[in-house]
Amino acid sequence: MDIKDAHQAREHPTYHQALVRWITQLADDELTLGHRDSEWLGLCPDIEGDVAFSSIAQDEVGHAAFYFELLHELGEPDPDRLAFARKSHERRNAKLVEQENGDWAYSILRHTLYDIFDGIRLEAMRQSSYLPLRHGVAKIQREEAYHLLHMKTWVVRMGKAGGEARQYLEEAAVRLWPQLDDLFSFGDADEETLLRFGIIAFGSAECQKRWEEQVKVVFGQAGLLWPGEIPLSGRDGRLGQHDPALAQLLKTMTEVYRLDPVARW
Amino acid sequence: MQEQDYCSFMERIERGEKIEATEWMPDEYRKLLVKLIHMHAVSEIMGAYPEKEWVPKAPSLRRKLAIMAKVQDEMGHGQLLLRVAEDLCAPWGKTREELISDIYRQRVKFHNVFHMEARTWADAGVIGWLVDGAAIINQAALLETSYAPYARVLKRICAEESFHMQHGENIILALAMGTEAQREMLQEAVNYWWESLLFFFGPKEVTPAAERMLHYRIRIKTNEELRQKFLDKYVPRIWSLGLTVPDPQLRYDETEKCWRYSEPDWEKFGRIVRDCMGPKSQERMALRRRAHEGQLWVREAMIRSRALMHAV
């Protein structure tokens, strides 16, 4: 059964709750990563790279704005309040996207790992029963395909180049692996409900399986060692359990907003 | 031969024709162009740093998207201009790598405003509104330049800059119509940037280098003409927002048909630009050095990988 708008969704409390919690994860992932991407401004290895990274940052924040708008329609506070006023423990992004940027190798590998996951998650929503989400996803998928192509190309070319570039990528993989586990957690968005109501077409185990298949191909092309199983960290960003990096990010991001949260800026 | 070339070159310039990158040009013309365009390119790139400090702090989703897009444009302008400069430098064997490293080796200047501190969100707004506003006046006057590749790039830059000005204007309008604290922040920003903005257009007198640029029609207008244009356009706008200009001498002279203003401290700002002694010069040049030298390994890896791809 398709749910055509927010009004209809609000008539089904179970559906509504799962949907809101699910979209919050999407919005928080995209905003947090988009913010981190924008920190590369002026620091990329060349000017062309700077221009490209900014396009990606803008896309990610644009996607976040779309998801926040959906949440607002569903009865949540307005998009700016959602983006700027919530505390770290109220955020539902995966820990991966909140980490500091590190070096170029870390940033592009992190992005590739996230973009592959995000592509799979979008695929799971392509036929979503919630029509406003389904429509947005079609457009977002087109943009994310380019992000993935861009980031994957970087990883493969740097891996193939060998030397310190491959070494830094392998070091980045070692750092990244323990930061990955909650990417595949759906946190407090009840997976069984999401599947039963067709908000998504497949669940977290399938996401992780597909992710590993795709990431292994990239690692193979780049000549990188597979780091093995993803270790469990015992902390779940999808439940609001974040690293100090997120609190630091929010402190910066909301510095002007906090001067006067009710003023028009 | 050279003399004949020179005469026909100057005839073309005087007829208002434009010169292409592949055509013969006097060495002096090439040098003047490189000096101007290199500085312009570098100013666009260094101009991203004061705003970089505010990109992560933009106070709403809309502002966040807008300021990211705006600063991306500045980097994009830098890239377009660098490519024009690269072509001009090619006969000397000078490459992009060097055009960039010249920044932190203090071999190229950049605009005084980008040596200054961006202390508040209102500063970020004023940079978009008045600094970009001043830049448009400068750049629009260069649209008539005799060097065709520069003119083409400037056309796109000017179109984008007019969006930046609106972006800045939008930020400052929100502040001007906002709370008492927001208005104070805005007035404080205008006070802080005013002198830099006057200096931005350069000295009143026509320097020997400027005289040669006018000779070759690389530029058409003098510094003072451009500064007057800026005052014409912006002083009334500043006043109409209920803000003041921090210059008690500022007035429009009806008989002379020009603005009278207190001169900026030429010596102080000259030192800032020449010796990179501004409050933020060294810090921002260090960021550029870090981006460029610190990531040489990335550019080298990409060159290696291209060679490998071609070998396959």
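Since the structure is predicted, the reported quantities are computational estimates derived from the model, not experimental observations.

(A) View of the overall build of chain A. Counting its secondary structure elements, chain A contains 12 helices and 0 strands. For chain A, the α and β elements follow one another from N to C terminus as α-α-α-α-α-α-α-α-α-α-α-α. Taking the principal axes of the C-alpha coordinates as reference, chain A spans close to 60 × 45 × 35 Å. A total of 265 residues make up chain A; the buried ones form 58% of that total. In chain A, the proportion of contacts linking residues at least 24 apart, taken out of those at least 6 apart, comes to 78%.

(B) Spotlight on the overall build of chain B. For chain B, the count of helices and strands is 13 helices and 2 strands. Relative to the 2.2 N^0.38 estimate, which gives 20 Å for 312 residues, the radius of gyration of chain B is 21 Å and therefore close to what a compact globule would have. Once the C-alpha set of chain B is aligned to its principal axes, its extents read approximately 65 × 55 × 30 Å. Here chain B holds 312 residues, and 56% of them are scored as buried. Long-range contacts, defined as pairs at least 24 residues apart, comprise 76% of the intrachain contacts of chain B with a sequence gap of at least 6.

(C) Quick peek at the nonpolar core. Counting residues in hydrophobic clusters, the biggest one holds 192 residues, and the most contacted among them are Trp22, Leu133, Met158 and Trp211 of chain A. If you tally residues by element for this core, the top one is helix H6 (residues 121–142) of chain B, at 14 residues. Apart from residues lying up to four places away in sequence, Trp22 of chain A is in contact with Arg121, Met125, Leu133, Phe186, Ala189, Leu194, Ile199 and Ile200 of chain A.

(D) The arrangement of the packing of helix H6 (residues 104–124) of chain A against helix H8 (residues 163–176) of chain A in detail. Residues and elements named next belong to chain A. Relative to each other, H6 and H8 sit at 55°, their axes nearing to 9 Å. Considered as vectors, H6 and H8 are oriented oblique to each other. When the axes of H6 and H8 are compared, the crossing they make is right-handed. Residues Ala105, Tyr106, Leu109, Arg110 and Leu113 of H6 form the contact with H8, whose participating residues are Tyr168, Leu169, Ala172, Ala173, Arg175 and Leu176. Taken together, the residues of the contact of H6 with H8 break down into 9 nonpolar, no polar and 2 charged.

(E) Quick peek at the packing of helix H8 (residues 180–200) of chain B against helix H10 (residues 223–240) of chain B. All names here are of chain B. Where H8 contacts H10, the two axes come as close as 10 Å, and the packing angle between them is 155°. The angle between the axes of H8 and H10 places the two elements in the roughly antiparallel class. The residues of H10 that touch H8, namely those facing Trp194, Leu197 and Leu198, are Arg227, Phe230, Leu231, Val235 and Ile238.

(F) Summary view of the environment of Leu154 of chain B. Residues and elements named next belong to chain B. Of note, Leu154 is situated in helix H7 (residues 148–176). Assessed through its relative accessible area of 0%, Leu154 is described here as buried. With 13 residues separating them in the primary sequence, Leu154 and Ala141 have C-alpha atoms 9.8 Å apart. Once you skip the residues sitting within four places of it in the chain, Leu154 turns out to touch His40, Gln139, Leu142, Leu143 and Thr145.

(G) How the structure looks around the packing of aromatic side chains. All names here are of chain B. Scanning the entire structure with this criterion turns up 31 aromatic pairs over all chains. Ring centres of Phe9 and Tyr29 lie 5.0 Å apart, and the angle between their planes is 75°; on these two criteria the pair is classed as edge-to-face. Linking Phe9 in helix H1 (residues 2–14) with Tyr29 in helix H2 (residues 27–46), this pair joins segments that are 20 residues apart in sequence. The burial state of Phe9 is the same as that of Tyr29; both residues are buried. With centroids separated by 5.2 Å and ring planes inclined at 70°, the aromatic side chains of Tyr252 and Trp259 adopt a geometry described as edge-to-face. With a relative accessible area of 31%, Tyr252 lands in the partly exposed category.

(H) Local environment of the pattern of salt bridges. Residue and element names in this part refer to chain B. Taken as a whole and judged by the stated rule, the model has 45 salt bridges over all chains. Linking Arg105 and Glu293 is a salt bridge whose minimum nitrogen-to-oxygen distance equals 3.5 Å. On the criterion of sequence distance, the pair formed by Arg105 in the loop between helix H5 (96–104) and H6 and Glu293 in helix H12 (residues 281–293) is long-range, its members being 188 residues apart. Residue classification places Glu293 among the partly exposed positions, given a relative accessible area of 35%.

(I) Layout of the side chain of His167 of chain B. Residues and elements named next belong to chain B. You can see His167 is positioned in helix H7. His167 sits in the buried class, given a relative accessible area of 11%. Not counting chain neighbours up to four residues away, the residues in contact with His167 comprise Ala66, Ile67 and Lys70.

(J) A look at the environment of Val84 of chain B. All names here are of chain B. When you line up the elements, Val84 lands in helix H4 (residues 61–89). Here Val84 falls in the buried class, since its relative accessible area comes to 7%. Through-space distance from the C-alpha of Val84 to that of Val153 is 8.3 Å; in sequence the pair is 69 residues apart.

(K) Structural detail: H12 of chain B. Residues and elements named next belong to chain B. A rise of 1.5 Å per residue sets the reference length of H12, with its 13 residues, at 18 Å; its end C-alpha atoms lie 18 Å apart and thus fit the reference within 8%. Every buried residue belonging to H12 is among Ser281, Arg284, Met285, Leu287, Arg288, Ala291 and His292, and all of these are buried. The arc that holds the buried residues of H12, viewed along the axis, is 150°, so those residues lie on one side.

(L) Looking closely at the interface of chain A and chain B. Taken together, the 49 residues of chain A in the interface contact 47 residues of chain B. Buried area between chain A and chain B, summed over both chains or domains, comes out near 4,200 Å², and the portion from carbon and sulfur atoms is 66%. In terms of surface lost to chain B, no three residues of chain A exceed Ile47, Arg157 and Trp265 of chain A, which account for 19% of the buried area on that side. Where chain A meets chain B, there are 2 salt bridges. With a shortest N-O distance of 3.1 Å, Lys57 of chain B and Glu255 of chain A are connected by a salt bridge. Inspection of the region where chain A meets chain B yields 20 residue pairs in polar contact (both at pLDDT 80 or more). Considering each element in turn, the side of chain A that touches chain B owes the most residues, 12 residues, to helix H3 (residues 47–73) of chain A. Taken together, the residues of the side of chain A that touches chain B break down into 28 nonpolar, 10 polar and 11 charged.

(M) Fine view of unusual backbone geometry. Residues and elements named next belong to chain B. Phi angles above zero are rare outside glycine, and Arg217 is one such case at about 55°. Locating Arg217 in the fold gives a position in the loop between helix H9 (208–215) and H10. Even without being glycine, Lys257 reaches a positive phi, approximately 55°. Judged by relative accessible area, which is 55%, Lys257 ranks as exposed.

Cut-off values and rules
Residues numbered from 1 in each chain as written. Chains lettered and ligands numbered in written order. Predicted model: local features only at pLDDT ≥ 70, side-chain atom pairs only at ≥ 80, totals over all residues. Heavy atoms only, no water. Helix = DSSP H or I, 4+ residues; strand = E, 2+ residues; numbered from the N terminus. Buried < 20%, exposed > 50% of the residue type's maximum accessible area, 1.4 Å probe, protein only. Contact = heavy atoms within 4.5 Å. Rg over C-alpha atoms; globule rule 2.2 N^0.38 Å. Core = buried A, V, L, I, M, F, W, Y, C linked by side-chain atoms within 4.5 Å. Axes fitted to C-alpha atoms, helices over the stretch in contact; angles between N-to-C directions. Parallel < 35°, antiparallel > 145°, perpendicular 65-115°, else oblique. Left-handed = near helix turned anticlockwise from the far one by under 90°. Nonpolar A, V, L, I, M, F, W, Y, C, P; charged D, E, K, R; others polar. Phe/Tyr/Trp six-rings, centres within 6.5 Å; stacked < 30°, edge-to-face > 60°. Salt bridge = Lys/Arg side-chain N within 4 Å of Asp/Glu carboxyl O. Expected span 1.5 Å × (residues − 1). Arc of directions from axis to C-beta. Buried area = accessible area lost by both parts, 1.4 Å probe. Polar contact = N/O pair within 3.5 Å; in protein donor to acceptor, adjacent residues only side chain to side chain.

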